[in-house]
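Residues per chain are reported as follows:
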Protein chains: 2
Amino acid sequence: MWQLHQFPLCPFSRKVRLVMGEKTIAYELVRALPWERSEELARLNHAGRTPVLADPGRGIALADSRAICEYLEETVERSPLLSGSSAQRAEIRRLVALFDEGLYTDVTGPLLQEKMMKRVVTRQPPDSRALREAMRAAHEHLDYLDWLIDTRQWLAGPMLSLADLAAAAQLSVADYLGGIDWSGHEQTQGWYAVFKSRPSFRPLLQEKMEGIHPPSHYALVDA
Amino acid sequence: MWQLHQFPLCPFSRKVRLVMGEKTIAYELVRALPWERSEELARLNHAGRTPVLADPGRGIALADSRAICEYLEETVERSPLLSGSSAQRAEIRRLVALFDEGLYTDVTGPLLQEKMMKRVVTRQPPDSRALREAMRAAHEHLDYLDWLIDTRQWLAGPMLSLADLAAAAQLSVADYLGGIDWSGHEQTQGWYAVFKSRPSFRPLLQEKMEGIHPPSHYALVDA
(Lines give C-alpha, C1' and ligand atoms only; values in the text may rest on other atoms or scores of the structure.)
Protein backbone atom coordinates (compact mmCIF):
# COMPACT_ATOMS: atom_id res chain seq x y z
CA MET A 1 0.00 0.00 0.00
CA TRP A 2 1.14 3.50 -0.76
CA GLN A 3 2.27 5.65 2.17
CA LEU A 4 2.13 9.42 1.77
CA HIS A 5 4.61 11.25 4.01
CA GLN A 6 3.04 14.65 4.67
CA PHE A 7 1.61 17.09 7.21
CA PRO A 8 -1.94 18.52 7.13
CA LEU A 9 -1.06 22.03 5.91
CA CYS A 10 1.50 21.07 3.23
CA PRO A 11 -0.12 22.39 0.00
CA PHE A 12 1.99 20.11 -2.23
CA SER A 13 0.93 17.04 -0.24
CA ARG A 14 -2.68 18.24 -0.57
CA LYS A 15 -2.28 18.38 -4.35
CA VAL A 16 -1.07 14.74 -4.39
CA ARG A 17 -3.93 13.72 -2.08
CA LEU A 18 -6.45 15.35 -4.42
CA VAL A 19 -4.94 13.47 -7.37
CA MET A 20 -5.10 10.17 -5.44
CA GLY A 21 -8.66 10.96 -4.36
CA GLU A 22 -9.81 11.74 -7.92
CA LYS A 23 -8.16 8.54 -9.17
CA THR A 24 -9.41 6.56 -6.12
CA ILE A 25 -5.95 5.25 -5.27
CA ALA A 26 -5.71 3.83 -1.72
CA TYR A 27 -2.99 5.15 0.59
CA GLU A 28 -2.23 5.71 4.23
CA LEU A 29 -0.85 8.87 5.77
CA VAL A 30 2.54 9.07 7.51
CA ARG A 31 3.17 12.27 9.37
CA ALA A 32 6.40 14.06 8.38
CA LEU A 33 7.41 17.55 9.53
CA PRO A 34 10.21 18.84 7.26
CA TRP A 35 11.42 21.37 9.86
CA GLU A 36 12.28 18.52 12.25
CA ARG A 37 14.82 17.31 9.66
CA SER A 38 14.25 13.64 10.43
CA GLU A 39 16.70 11.10 9.04
CA GLU A 40 13.82 9.13 7.54
CA LEU A 41 12.57 12.05 5.45
CA ALA A 42 16.13 12.90 4.32
CA ARG A 43 16.65 9.26 3.33
CA LEU A 44 13.40 9.18 1.34
CA ASN A 45 13.94 12.60 -0.28
CA HIS A 46 17.34 14.27 -0.55
CA ALA A 47 15.56 17.66 -0.68
CA GLY A 48 14.11 16.95 2.79
CA ARG A 49 10.63 18.05 1.73
CA THR A 50 7.11 16.69 1.78
CA PRO A 51 5.38 14.99 0.05
CA VAL A 52 7.05 11.62 -0.45
CA LEU A 53 4.96 8.78 -1.84
CA ALA A 54 6.50 5.46 -0.84
CA ASP A 55 5.63 1.82 -1.24
CA PRO A 56 8.09 0.02 1.08
CA GLY A 57 6.87 -3.38 -0.13
CA ARG A 58 8.00 -2.57 -3.67
CA GLY A 59 11.00 -0.48 -2.62
CA ILE A 60 9.66 2.66 -4.31
CA ALA A 61 9.98 6.19 -2.92
CA LEU A 62 8.82 9.05 -5.15
CA ALA A 63 9.62 12.67 -4.29
CA ASP A 64 8.66 16.09 -5.67
CA SER A 65 4.94 16.70 -5.97
CA ARG A 66 4.95 17.30 -9.73
CA ALA A 67 7.02 14.14 -10.37
CA ILE A 68 4.57 12.20 -8.17
CA CYS A 69 1.52 13.57 -10.02
CA GLU A 70 3.04 12.73 -13.42
CA TYR A 71 3.81 9.21 -12.16
CA LEU A 72 0.23 8.71 -10.95
CA GLU A 73 -1.11 10.06 -14.26
CA GLU A 74 1.11 7.65 -16.22
CA THR A 75 0.33 4.59 -14.12
CA VAL A 76 -3.39 5.02 -13.30
CA GLU A 77 -5.53 5.70 -16.36
CA ARG A 78 -8.85 6.46 -14.70
CA SER A 79 -9.87 10.10 -14.17
CA PRO A 80 -7.17 11.58 -16.40
CA LEU A 81 -5.90 14.94 -15.15
CA LEU A 82 -3.42 15.76 -17.93
CA SER A 83 -5.48 15.04 -21.01
CA GLY A 84 -5.77 16.69 -24.39
CA SER A 85 -3.24 17.63 -27.05
CA SER A 86 0.39 18.36 -26.18
CA ALA A 87 -0.45 22.08 -26.29
CA GLN A 88 -3.32 21.57 -23.84
CA ARG A 89 -1.08 19.49 -21.58
CA ALA A 90 1.51 22.30 -21.71
CA GLU A 91 -1.19 24.76 -20.63
CA ILE A 92 -2.15 22.52 -17.68
CA ARG A 93 1.52 22.24 -16.67
CA ARG A 94 2.09 26.01 -17.06
CA LEU A 95 -0.75 26.67 -14.61
CA VAL A 96 0.42 24.00 -12.17
CA ALA A 97 3.82 25.73 -12.11
CA LEU A 98 2.15 29.13 -11.66
CA PHE A 99 0.23 27.89 -8.62
CA ASP A 100 3.05 25.73 -7.17
CA GLU A 101 5.57 28.54 -7.53
CA GLY A 102 3.80 31.94 -7.82
CA LEU A 103 0.80 31.36 -5.56
CA TYR A 104 2.96 29.49 -3.06
CA THR A 105 5.80 32.04 -3.00
CA ASP A 106 3.49 35.06 -2.77
CA VAL A 107 0.66 33.75 -0.59
CA THR A 108 0.69 30.24 0.90
CA GLY A 109 4.40 30.20 1.79
CA PRO A 110 4.37 33.52 3.71
CA LEU A 111 1.10 32.55 5.48
CA LEU A 112 2.64 29.21 6.54
CA GLN A 113 5.74 31.03 7.76
CA GLU A 114 3.84 33.64 9.77
CA LYS A 115 0.86 31.64 11.04
CA MET A 116 2.20 28.07 11.33
CA MET A 117 6.01 28.08 11.65
CA LYS A 118 6.06 31.03 14.06
CA ARG A 119 3.28 29.56 16.19
CA VAL A 120 4.32 25.92 16.22
CA VAL A 121 8.10 26.02 15.78
CA THR A 122 9.76 29.34 16.66
CA ARG A 123 7.03 30.65 19.06
CA GLN A 124 7.08 34.19 17.71
CA PRO A 125 4.19 36.53 16.91
CA PRO A 126 3.38 36.84 13.20
CA ASP A 127 4.68 39.85 11.26
CA SER A 128 1.53 41.82 10.41
CA ARG A 129 3.20 43.53 7.45
CA ALA A 130 4.10 40.18 5.86
CA LEU A 131 0.50 39.01 6.40
CA ARG A 132 -0.94 42.15 4.76
CA GLU A 133 1.42 41.70 1.81
CA ALA A 134 0.37 38.04 1.39
CA MET A 135 -3.31 39.00 1.45
CA ARG A 136 -2.71 41.76 -1.10
CA ALA A 137 -0.90 39.27 -3.36
CA ALA A 138 -3.78 36.81 -2.89
CA HIS A 139 -6.16 39.36 -4.44
CA GLU A 140 -3.95 39.61 -7.54
CA HIS A 141 -3.82 35.83 -7.90
CA LEU A 142 -7.61 35.62 -7.39
CA ASP A 143 -8.08 38.25 -10.13
CA TYR A 144 -6.21 35.99 -12.52
CA LEU A 145 -8.21 32.93 -11.40
CA ASP A 146 -11.45 34.93 -11.90
CA TRP A 147 -10.32 35.70 -15.45
CA LEU A 148 -9.50 32.04 -16.17
CA ILE A 149 -12.89 30.93 -14.85
CA ASP A 150 -14.66 33.63 -16.86
CA THR A 151 -13.10 32.39 -20.07
CA ARG A 152 -13.00 28.60 -19.53
CA GLN A 153 -15.06 25.85 -17.96
CA TRP A 154 -12.23 24.72 -15.68
CA LEU A 155 -8.94 26.53 -15.05
CA ALA A 156 -6.98 25.00 -17.94
CA GLY A 157 -9.82 24.31 -20.38
CA PRO A 158 -12.96 22.23 -20.83
CA MET A 159 -11.97 19.46 -18.39
CA LEU A 160 -11.07 19.28 -14.72
CA SER A 161 -7.27 18.96 -14.64
CA LEU A 162 -4.22 18.95 -12.43
CA ALA A 163 -4.28 22.75 -12.69
CA ASP A 164 -7.56 22.92 -10.73
CA LEU A 165 -6.17 20.55 -8.09
CA ALA A 166 -2.93 22.55 -7.74
CA ALA A 167 -4.84 25.82 -7.29
CA ALA A 168 -7.35 24.31 -4.85
CA ALA A 169 -4.52 22.79 -2.79
CA GLN A 170 -2.79 26.17 -2.36
CA LEU A 171 -6.03 28.09 -1.76
CA SER A 172 -7.29 25.57 0.81
CA VAL A 173 -4.17 26.04 2.94
CA ALA A 174 -4.33 29.84 2.57
CA ASP A 175 -8.04 29.74 3.51
CA TYR A 176 -7.33 27.54 6.55
CA LEU A 177 -4.85 30.18 7.72
CA GLY A 178 -7.38 33.00 7.26
CA GLY A 179 -5.47 34.53 4.36
CA ILE A 180 -8.21 34.61 1.74
CA ASP A 181 -10.74 37.42 1.50
CA TRP A 182 -13.23 36.09 -1.06
CA SER A 183 -15.13 39.36 -1.50
CA GLY A 184 -15.09 40.55 -5.10
CA HIS A 185 -13.98 37.12 -6.33
CA GLU A 186 -17.35 35.45 -6.86
CA GLN A 187 -16.14 33.47 -9.88
CA THR A 188 -13.27 31.80 -8.02
CA GLN A 189 -15.40 31.44 -4.89
CA GLY A 190 -18.04 29.59 -6.93
CA TRP A 191 -15.45 27.34 -8.55
CA TYR A 192 -13.90 26.62 -5.14
CA ALA A 193 -17.32 25.85 -3.56
CA VAL A 194 -17.95 23.24 -6.27
CA PHE A 195 -14.52 21.83 -5.58
CA LYS A 196 -15.05 21.59 -1.82
CA SER A 197 -18.01 19.26 -2.36
CA ARG A 198 -15.98 16.73 -4.37
CA PRO A 199 -15.31 13.40 -2.60
CA SER A 200 -11.57 13.91 -3.13
CA PHE A 201 -11.64 17.16 -1.14
CA ARG A 202 -13.98 16.35 1.78
CA PRO A 203 -11.44 14.37 3.88
CA LEU A 204 -8.89 17.18 3.67
CA LEU A 205 -11.36 19.74 5.01
CA GLN A 206 -12.03 17.65 8.14
CA GLU A 207 -8.37 17.54 9.19
CA LYS A 208 -6.80 19.92 11.65
CA MET A 209 -3.26 20.99 12.38
CA GLU A 210 -2.89 21.00 16.18
CA GLY A 211 -2.81 24.48 17.72
CA ILE A 212 -4.04 26.21 14.58
CA HIS A 213 -7.77 26.71 14.06
CA PRO A 214 -9.30 27.48 10.67
CA PRO A 215 -12.00 30.14 10.28
CA SER A 216 -15.61 28.94 10.65
CA HIS A 217 -16.33 29.05 6.88
CA TYR A 218 -13.29 26.88 6.03
CA ALA A 219 -14.91 23.42 5.95
CA LEU A 220 -18.43 24.54 4.95
CA VAL A 221 -19.26 23.37 1.47
CA ASP A 222 -21.67 26.21 0.71
CA ALA A 223 -19.45 29.03 2.01
CA MET B 1 9.85 28.83 -36.70
CA TRP B 2 10.09 28.66 -32.93
CA GLN B 3 11.16 31.81 -31.12
CA LEU B 4 12.71 31.45 -27.68
CA HIS B 5 12.28 34.53 -25.50
CA GLN B 6 15.25 34.52 -23.14
CA PHE B 7 18.42 36.24 -21.94
CA PRO B 8 21.92 34.70 -22.00
CA LEU B 9 22.22 34.01 -18.24
CA CYS B 10 18.69 32.63 -17.64
CA PRO B 11 19.36 29.05 -16.45
CA PHE B 12 15.83 27.88 -17.30
CA SER B 13 16.16 29.20 -20.87
CA ARG B 14 19.52 27.39 -21.08
CA LYS B 15 17.82 24.14 -20.09
CA VAL B 16 15.28 24.58 -22.91
CA ARG B 17 18.07 25.45 -25.37
CA LEU B 18 19.96 22.29 -24.39
CA VAL B 19 16.82 20.22 -24.98
CA MET B 20 16.28 21.86 -28.38
CA GLY B 21 19.95 21.35 -29.21
CA GLU B 22 19.89 17.65 -28.27
CA LYS B 23 16.71 17.16 -30.32
CA THR B 24 18.07 19.38 -33.16
CA ILE B 25 14.98 21.61 -33.21
CA ALA B 26 15.52 24.90 -35.05
CA TYR B 27 14.70 28.17 -33.26
CA GLU B 28 15.68 31.80 -33.15
CA LEU B 29 16.46 33.81 -30.05
CA VAL B 30 14.40 36.80 -28.92
CA ARG B 31 15.91 38.81 -26.12
CA ALA B 32 13.63 39.29 -23.10
CA LEU B 33 14.71 40.79 -19.78
CA PRO B 34 12.10 39.92 -17.10
CA TRP B 35 13.14 42.81 -14.85
CA GLU B 36 12.13 45.30 -17.55
CA ARG B 37 8.54 44.02 -17.20
CA SER B 38 7.75 44.42 -20.88
CA GLU B 39 4.14 44.16 -22.00
CA GLU B 40 5.12 41.57 -24.59
CA LEU B 41 6.60 39.18 -22.03
CA ALA B 42 3.59 39.66 -19.70
CA ARG B 43 1.26 38.94 -22.64
CA LEU B 44 3.15 35.76 -23.57
CA ASN B 45 3.54 34.57 -19.97
CA HIS B 46 1.34 35.78 -17.10
CA ALA B 47 4.18 34.95 -14.68
CA GLY B 48 6.39 37.48 -16.53
CA ARG B 49 9.32 35.06 -16.64
CA THR B 50 11.68 33.62 -19.21
CA PRO B 51 11.73 31.30 -21.08
CA VAL B 52 8.74 31.51 -23.41
CA LEU B 53 8.75 29.33 -26.51
CA ALA B 54 6.46 30.84 -29.13
CA ASP B 55 5.49 30.09 -32.69
CA PRO B 56 3.58 33.19 -33.83
CA GLY B 57 2.69 31.53 -37.14
CA ARG B 58 0.77 28.80 -35.32
CA GLY B 59 -0.44 31.04 -32.48
CA ILE B 60 1.35 28.97 -29.82
CA ALA B 61 3.11 30.43 -26.76
CA LEU B 62 4.43 27.97 -24.20
CA ALA B 63 5.62 29.12 -20.77
CA ASP B 64 7.33 27.52 -17.78
CA SER B 65 10.54 25.68 -18.58
CA ARG B 66 9.36 22.28 -17.33
CA ALA B 67 6.10 22.53 -19.29
CA ILE B 68 8.12 23.48 -22.39
CA CYS B 69 10.53 20.54 -21.95
CA GLU B 70 7.63 18.08 -21.50
CA TYR B 71 5.99 19.51 -24.64
CA LEU B 72 9.19 19.08 -26.68
CA GLU B 73 9.62 15.54 -25.34
CA GLU B 74 6.03 14.66 -26.32
CA THR B 75 6.17 16.20 -29.78
CA VAL B 76 9.73 15.38 -30.93
CA GLU B 77 10.63 11.71 -30.55
CA ARG B 78 14.32 11.83 -31.43
CA SER B 79 16.89 11.94 -28.61
CA PRO B 80 14.44 11.06 -25.83
CA LEU B 81 15.28 12.77 -22.54
CA LEU B 82 12.54 11.29 -20.34
CA SER B 83 12.78 7.61 -21.20
CA GLY B 84 12.45 4.44 -19.17
CA SER B 85 9.74 3.12 -16.86
CA SER B 86 7.38 5.44 -15.01
CA ALA B 87 9.58 5.04 -11.91
CA GLN B 88 12.67 6.05 -13.94
CA ARG B 89 10.80 9.01 -15.39
CA ALA B 90 9.80 10.02 -11.84
CA GLU B 91 13.47 9.90 -10.83
CA ILE B 92 14.43 12.14 -13.78
CA ARG B 93 11.66 14.60 -12.84
CA ARG B 94 12.64 14.53 -9.14
CA LEU B 95 16.18 15.56 -10.06
CA VAL B 96 15.01 18.24 -12.51
CA ALA B 97 12.95 19.75 -9.66
CA LEU B 98 15.93 19.50 -7.28
CA PHE B 99 18.15 21.44 -9.72
CA ASP B 100 15.46 23.90 -10.88
CA GLU B 101 14.43 24.67 -7.30
CA GLY B 102 17.22 23.72 -4.85
CA LEU B 103 20.30 24.48 -6.92
CA TYR B 104 18.67 27.64 -8.27
CA THR B 105 17.43 28.92 -4.90
CA ASP B 106 20.69 28.20 -3.07
CA VAL B 107 23.30 28.99 -5.73
CA THR B 108 22.35 30.30 -9.18
CA GLY B 109 19.61 32.67 -7.98
CA PRO B 110 21.75 34.44 -5.34
CA LEU B 111 24.70 34.65 -7.79
CA LEU B 112 22.44 36.22 -10.45
CA GLN B 113 21.09 38.67 -7.86
CA GLU B 114 24.53 39.71 -6.57
CA LYS B 115 26.61 39.58 -9.76
CA MET B 116 24.12 40.37 -12.53
CA MET B 117 21.11 42.26 -11.17
CA LYS B 118 23.22 44.50 -8.91
CA ARG B 119 25.70 45.25 -11.68
CA VAL B 120 23.30 45.67 -14.59
CA VAL B 121 20.06 46.86 -13.00
CA THR B 122 20.44 48.39 -9.53
CA ARG B 123 24.14 49.45 -9.82
CA GLN B 124 25.08 48.28 -6.33
CA PRO B 125 28.14 46.36 -5.14
CA PRO B 126 27.55 42.64 -4.49
CA ASP B 127 27.01 41.48 -0.91
CA SER B 128 30.11 39.40 -0.14
CA ARG B 129 28.31 37.45 2.60
CA ALA B 130 25.58 36.34 0.18
CA LEU B 131 28.26 35.31 -2.34
CA ARG B 132 30.15 33.26 0.27
CA GLU B 133 26.91 31.57 1.32
CA ALA B 134 26.07 30.70 -2.32
CA MET B 135 29.54 29.22 -2.86
CA ARG B 136 29.24 27.20 0.36
CA ALA B 137 25.85 25.88 -0.79
CA ALA B 138 27.37 25.07 -4.20
CA HIS B 139 29.82 22.69 -2.49
CA GLU B 140 26.94 20.81 -0.85
CA HIS B 141 25.10 20.48 -4.16
CA LEU B 142 28.33 19.36 -5.88
CA ASP B 143 28.80 16.72 -3.15
CA TYR B 144 25.40 15.28 -4.06
CA LEU B 145 26.19 15.44 -7.79
CA ASP B 146 29.51 13.64 -7.10
CA TRP B 147 27.57 10.91 -5.31
CA LEU B 148 25.09 10.55 -8.19
CA ILE B 149 27.91 10.31 -10.73
CA ASP B 150 29.76 7.77 -8.55
CA THR B 151 26.73 5.49 -8.51
CA ARG B 152 25.25 6.00 -12.00
CA GLN B 153 26.39 6.51 -15.56
CA TRP B 154 24.43 9.76 -15.94
CA LEU B 155 22.72 11.73 -13.18
CA ALA B 156 19.36 9.91 -13.29
CA GLY B 157 20.51 6.50 -14.52
CA PRO B 158 22.06 4.74 -17.51
CA MET B 159 20.97 7.34 -20.11
CA LEU B 160 21.54 11.04 -20.63
CA SER B 161 18.30 12.70 -19.51
CA LEU B 162 16.62 15.99 -18.79
CA ALA B 163 18.17 15.78 -15.30
CA ASP B 164 21.68 16.17 -16.76
CA LEU B 165 20.54 19.13 -18.87
CA ALA B 166 18.84 20.83 -15.91
CA ALA B 167 21.96 20.48 -13.73
CA ALA B 168 24.32 21.62 -16.51
CA ALA B 169 22.12 24.67 -17.21
CA GLN B 170 22.27 25.82 -13.58
CA LEU B 171 25.99 25.03 -13.17
CA SER B 172 26.94 26.80 -16.40
CA VAL B 173 25.36 30.05 -15.20
CA ALA B 174 26.94 29.70 -11.76
CA ASP B 175 30.31 28.98 -13.42
CA TYR B 176 29.96 32.02 -15.71
CA LEU B 177 29.47 34.14 -12.59
CA GLY B 178 32.59 32.70 -10.90
CA GLY B 179 30.53 30.90 -8.25
CA ILE B 180 31.84 27.36 -8.72
CA ASP B 181 35.02 26.12 -7.07
CA TRP B 182 35.55 22.75 -8.74
CA SER B 183 38.34 21.57 -6.40
CA GLY B 184 37.42 18.35 -4.62
CA HIS B 185 34.62 17.67 -7.12
CA GLU B 186 36.51 15.73 -9.80
CA GLN B 187 33.53 13.49 -10.57
CA THR B 188 31.16 16.36 -11.36
CA GLN B 189 33.95 18.29 -13.08
CA GLY B 190 34.59 15.32 -15.36
CA TRP B 191 30.88 14.89 -16.14
CA TYR B 192 30.60 18.64 -16.84
CA ALA B 193 33.69 18.63 -19.11
CA VAL B 194 32.10 15.86 -21.22
CA PHE B 195 28.92 17.90 -21.33
CA LYS B 196 30.66 21.09 -22.46
CA SER B 197 31.93 19.34 -25.59
CA ARG B 198 28.42 18.34 -26.74
CA PRO B 199 27.16 20.20 -29.84
CA SER B 200 24.07 21.30 -27.86
CA PHE B 201 26.26 23.10 -25.32
CA ARG B 202 28.94 24.74 -27.48
CA PRO B 203 26.81 27.70 -28.71
CA LEU B 204 25.81 28.62 -25.15
CA LEU B 205 29.43 28.83 -24.02
CA GLN B 206 30.27 31.36 -26.73
CA GLU B 207 27.61 33.86 -25.68
CA LYS B 208 28.25 36.77 -23.38
CA MET B 209 26.05 38.96 -21.21
CA GLU B 210 27.16 42.54 -21.77
CA GLY B 211 29.14 44.01 -18.88
CA ILE B 212 29.71 40.66 -17.18
CA HIS B 213 32.79 38.64 -18.04
CA PRO B 214 33.12 34.93 -17.28
CA PRO B 215 36.32 33.47 -15.79
CA SER B 216 38.92 32.28 -18.32
CA HIS B 217 38.15 28.55 -17.79
CA TYR B 218 34.40 29.02 -18.45
CA ALA B 219 34.25 28.22 -22.18
CA LEU B 220 37.25 25.85 -22.30
CA VAL B 221 36.13 22.33 -23.03
CA ASP B 222 39.01 20.66 -21.21
CA ALA B 223 38.86 22.81 -18.06
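Presented here is a report on the structure given in the accompanying data block. (Residues numbered from 1 in each chain as written. Chains lettered and ligands numbered in written order. Predicted model: local features only at pLDDT ≥ 70, side-chain atom pairs only at ≥ 80, totals over all residues. Heavy atoms only, no water.)

## Digging into the sheet that holds strand β4 (residues 60-63) of chain A
Residue and element names in this part refer to chain A. Rules: Two strands pair under a simple rule: DSSP has to find at least two bridges between them. Think of it this way: any DSSP run of H or I at least four residues long counts as a helix, any run of E at least two long counts as a strand, and we number them from the N terminus. All axes here are fitted lines through C-alpha atoms, helices being fitted over the stretch that makes contact, and every angle between N-to-C directions spans 0 to 180 degrees. The contact rule is simple, with two residues in contact once any of their heavy atoms fall within 4.5 Å.
Across the sheet, four strands lie side by side as β2-β1-β3-β4; this open sheet has mixed pairing. Of all strands in the sheet, those bounded by a partner on one side alone are β2 (27-31) and β4. Strand-to-strand twist in this sheet, taken as the mean axis angle between neighbours without regard to direction, amounts to 25°. Looking at chain direction, strand β1 (residues 2-6) and strand β3 (residues 52-55) are connected through three bridges and run antiparallel. For H5, the partnering residue across the bridge sits in β3 and is V52. On top of the sheet, helix α1 (residues 11-22) reaches β1, β2 and β3; it is set at about 155° to β1, its chief contact.

## Observations regarding the pattern of salt bridges
Convention followed: Whenever a carboxyl oxygen of Asp or Glu lies within 4 Å of a side-chain nitrogen of Lys or Arg, that contact is scored as a salt bridge. The buried label goes to any residue with under 20% of its type's maximum accessible area, the exposed label to any with over 50%, and the partly exposed label to all in between, with areas taken from a 1.4 Å probe on protein chains only.
Tallied over the full model, the rule gives 38 salt bridges over all chains. Measuring nitrogen to oxygen at the nearest pair gives 2.7 Å for the salt bridge that ties R17 of chain A to E207 of chain A. Of this pair, R17 of chain A sits in helix α1 while E207 of chain A sits in the segment after α8 (202-206), and the two are 190 residues apart along the sequence. The buried category is assigned to R17 of chain A, whose relative accessible area is 5%. Here R93 of chain A and E70 of chain A are joined by a salt bridge, their closest N and O atoms 2.7 Å apart. On the criterion of sequence distance, the pair formed by R93 of chain A in helix α4 (residues 86-121) and E70 of chain A in helix α3 (residues 65-75) is long-range, its members being 23 residues apart. One network of salt bridges, with partners in common, ties together K15, R49, R66, D100 and E101 of chain A together with K15, R49, R66, D100 and E101 of chain B.

## Some words on the interface of chain B and chain A
The condition that has to hold: A 1.4 Å probe defines the accessible area here, and the buried area is the portion of it lost by two parts on being joined, summed over both. Counting of polar contacts relies on pairs of N or O atoms within 3.5 Å, with two restrictions inside protein: one atom must be capable of donating a hydrogen and the other of accepting it, and residues adjacent in sequence are counted only when both atoms are side-chain atoms. Residues are grouped as follows: Ala, Val, Leu, Ile, Met, Phe, Trp, Tyr, Cys and Pro are nonpolar; Asp, Glu, Lys and Arg are charged; all remaining types, including Gly, are polar.
Listed per partner, the contact involves 22 residues of chain B and 22 residues of chain A. Between chain B and chain A, roughly 2100 Å² of surface is buried when both sides are summed, and carbon and sulfur atoms account for 57% of that area. R89 of chain B is the salt-bridge partner of E74 of chain A, the closest N and O atoms lying 2.8 Å from each other. Counting every contact that joins chain B to chain A gives eight residue pairs in polar contact (both at pLDDT 80 or more). At the level of secondary structure, the elements contributing two or more residues to the side of chain B that touches chain A comprise β4 (60-63), α3 (65-75) and α4 (86-121) of chain B. If one sorts the elements of the side of chain B that touches chain A by residue count, α4 of chain B sits on top with nine residues. Per-class residue counts for the side of chain B that touches chain A are 10 nonpolar, three polar and nine charged.

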